[in-house]
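Coordinate analysis (summary)
In case you want the letters, here they are:
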Amino acid sequence: MEEKKVLIVDDQNGIRILLMEVFSSEGYKTFQAANGKMALEIVRSDSPDLVLLDMKIPGMDGLEILKHIKEVNPDIKVIMMTAYGELDMIKEATELGALMHFTKPFDIDEMRVAVNMLLKGGAVI
């Protein structure tokens, strides 16, 4: 079975490192990007199966990045991460194809379960 790929997009280095460690230990190949430009280059070159995408990134925001990801490959699964309770942005992200969102600080075990479900073919709860 092919190794599943997870891309972590967040401008906070600590969060990227934490998530990379968690998902590498789950057996996924992980990539990281600190901004939208890097994220889209990885989406084009490595075609990740799932993207963990921060809503608030300087430059290109999460919604814009999400639109571009879906243009490149509509099959890539996206989970949004936000430090804010912006329901309108979360609603828009869902309309654009995000499957779920986590509010920071998130429970890393809940996120691990969600990612494993999405990548190992389980249903979304």
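- The name given to the chain in an unreviewed UniProt entry is Response regulator, with Paenibacillus oralis as the source organism.

**Let's talk about the UniProt feature "modified residue: 4-aspartylphosphate" (unreviewed entry) in the chain**
- Within the UniProt annotation, "modified residue: 4-aspartylphosphate" (unreviewed entry) is assigned to Asp-54.
- Summarising the element assignment, Asp-54 is placed in strand 3 (residues 50-54).
- For Asp-54, a relative accessible area of 3% translates into the label buried.

**Describing the pairing of strand 2 (residues 29-33)**
- Where strand 1 (residues 5-9) meets strand 2, 5 bridges bridge the pair, whose relative direction is parallel. Following the sheet pairing, Ile-8 is matched in strand 2 by Gln-32.
- Once the chain exits strand 1 it traverses helix 1 (residues 13-25) before rejoining the sheet at strand 2, and the crossover so formed is right-handed.

**Observations regarding the environment of Ile-76**
- Note on placement: Ile-76 falls in the loop between helix 3 (62-72) and strand 4 (77-82).
- For Ile-76, a relative accessible area of 2% corresponds to the buried category.
- Note: C-alpha distance between Ile-76 and Ile-8 (68 residues apart in sequence) is 13 Å.
- In this structure Ile-76 touches Val-43, Pro-48, Asp-49, Leu-50, Val-51, Ile-69 and Lys-70, once residues within four positions along its chain are discounted.

**Considering the pattern of salt bridges**
- Going through the model one piece at a time under the given rule, you end up with 6 salt bridges.
- Ionic pairing is found between Lys-91 and Glu-95, a salt bridge with its closest N-O pair at 2.7 Å. Of this pair, Lys-91 and Glu-95 both sit in helix 4 (residues 87-95), 4 residues apart, roughly one helical turn.
- The class for Glu-95 is exposed, based on a relative accessible area of 58%.

**With respect to the packing of helix 2 (residues 36-46) against helix 3**
- Helix 3 packs onto helix 2 with a crossing angle of 15° between their chain directions and a minimal axis gap of 10 Å. Judged by the inter-axis angle, helix 2 sits roughly parallel to helix 3. Seen from above, helix 2 lies across helix 3 with right-handed handedness. Within the contact between the two elements, helix 2 uses Gly-36, Ala-39, Leu-40, Val-43 and Arg-44 and helix 3 uses Ile-65, His-68, Ile-69 and Val-72.
- Classifying every residue of the contact of helix 2 with helix 3 gives 6 nonpolar, 2 polar and 1 charged.

Conventions used here
- Residues numbered from 1 in each chain as written.
- Predicted model: local features only at pLDDT ≥ 70, side-chain atom pairs only at ≥ 80, totals over all residues.
- Heavy atoms only, no water.
- UniProt positions renumbered as here; feature names shortened; annotations may be inferred.
- Helix = DSSP H or I, 4+ residues; strand = E, 2+ residues; numbered from the N terminus.
- Buried < 20%, exposed > 50% of the residue type's maximum accessible area, 1.4 Å probe, protein only.
- Pairing = 2+ DSSP bridges.
- Right-handed = clockwise from strand over helix to strand, strands pointing away.
- Contact = heavy atoms within 4.5 Å.
- Salt bridge = Lys/Arg side-chain N within 4 Å of Asp/Glu carboxyl O.
- Axes fitted to C-alpha atoms, helices over the stretch in contact; angles between N-to-C directions.
- Parallel < 35°, antiparallel > 145°, perpendicular 65-115°, else oblique.
- Left-handed = near helix turned anticlockwise from the far one by under 90°.
- Nonpolar A, V, L, I, M, F, W, Y, C, P; charged D, E, K, R; others polar.

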